[in-house]
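Coordinate inspection notes
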Amino acid sequence: MESLFYIAAVTALASTVLVVTGKNASHALIYLIVSLLSVAVIFFLLGAPFAAALEVVVYAGAIVVLFLFVVMMLNLGKGSVARESAWLRPSMWVLPSLLTVPLFLGLVYVLSGEPVQTGGVMVGPKAVGTQLFGPYLLAVELAGILLLAALVGAYHLGRRYLSERREEV
Amino acid sequence: MNFALSIPLEHVFVLAVALFCVGLTGVLVRRNVMFVLMSLEVMMNACGLAFVAAGARWAQADGQIMFMFILALAAAEVAVALGIVLQLSRRFDSLDVDAADEMHS
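Residues numbered from 1 in each chain as written. Chains lettered and ligands numbered in written order. Predicted model: local features only at pLDDT ≥ 70, side-chain atom pairs only at ≥ 80, totals over all residues. Heavy atoms only, no water.

1. Observations concerning the confidence of the model for chain B
Predicted confidence across chain B gives a mean pLDDT of 88, with 96% of residues reaching 70 or more. Here the prediction assigns the complex a pTM of 0.90, and the interface score ipTM is 0.91. (pLDDT = per-residue confidence, 0-100.)

Okay, here's the thing in structure tokens:
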């Protein structure tokens, strides 16, 4: 059963690399969905079924679909893949990789302490809900205000785009 | 039914760190603003994985709660950022982040 975790981990890592190196935006979004679903499997195996459901519903279901709407609205044609190839020369990967690989190795070194196992106990939605609306109630309210502010901001930014589009037509 | 496994915590953290570093490389390298945003999503997801793994270590709900807050943050960030992407493509007719450099001259 534990091999399931390693299969999901390899799938998540491979599809994430394909997202970052991709040239076609809609293909990269499909790879992003694969990556998010593999992470949802890992959440389930870690004993967090509610987080796994949220990962599928909110991340893969809502956020990626929002990306997909914008990709279709921008109407990226066949020239976009060629333009991506021109922007993305192989030499550009060298310096950022030189910065992030030491970060990765350093973090792996920090994490390599005494081996610890995860609990193997399922923490269900009920436990999450009682904590969320108990000690974390203030943070929930703040998250609600943040989402309201994002809604107003997104409406403001998108409305001008739509109204000027309509005048052109 | 209990599907929860006992997985070495270090392996989950190494996966989270690897996903975070891949996303960070994407943010540094890419010029297309859509791919920069996707890489940011990957990084936030890696943070959420680390929180859920830490919550699973002590069988507490707090890790999942922090994941939910990261989820709310990611949704808010994407909504505003995609509005900015629409404005960028309308004003500069390009998705290149370097197109919006009017402030430096």
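2. So, the nonpolar core
Formed by 67 residues in total, the largest nonpolar core has its most connected members in Leu46 and Phe67 of chain A together with Leu49 and Val85 of chain B. Those elements giving two or more residues to this core turn out to be helix H1 (2–21), helix H2 (25–45), helix H3 (49–74) and helix H6 (125–132) of chain A together with helix H1 (9–29), helix H2 (33–57) and helix H3 (62–92) of chain B. Take this core: its biggest share by element is 14 residues, from H3 of chain B. Apart from residues no more than four positions distant in its own chain, Leu49 of chain B is found in contact with Val39, Ile42, Phe43 and Leu46 of chain A together with Val12, Leu15, Ala16 and Leu19 of chain B. Counting five residues, the second-largest nonpolar core is a separate cluster that includes Val20, Leu88 and Trp93 of chain A together with Val29 of chain B. (Core = buried A, V, L, I, M, F, W, Y, C linked by side-chain atoms within 4.5 Å. Buried < 20%, exposed > 50% of the residue type's maximum accessible area, 1.4 Å probe, protein only. Helix = DSSP H or I, 4+ residues; strand = E, 2+ residues; numbered from the N terminus. Contact = heavy atoms within 4.5 Å.)

3. Some points on empty space enclosed by the protein
Throughout the structure, instances matching the rule amount to two cavities of 30 Å³ or more. When its volume is computed, the largest cavity comes out at roughly 50 Å³. Of the residues forming the lining of the largest cavity, the biggest block, three residues, is contributed by H2 of chain B. Classifying every residue of the lining of the largest cavity by side-chain character gives six nonpolar, four polar and no charged. One number sums up the size of the second largest cavity: a volume of about 30 Å³. Every residue along the wall of the second largest cavity is listed here: Lys23, Ala25, Leu76, Ser80, Arg83 and Glu84 of chain A together with Asn32 and Phe35 of chain B. When residues in the lining of the second largest cavity are grouped by element, the largest group, three residues, is from helix H4 (residues 79–87) of chain A. The class makeup of the residues in the lining of the second largest cavity is three nonpolar, two polar and three charged. (1 Å grid on protein atoms, 1.4 Å probe; cavity = no way out; pocket = protein on both sides within 12 Å on 5 of 7 lines; lining within 4 Å. Points joined across faces, edges and corners; volume = space filled by probe spheres on them. Nonpolar A, V, L, I, M, F, W, Y, C, P; charged D, E, K, R; others polar.)

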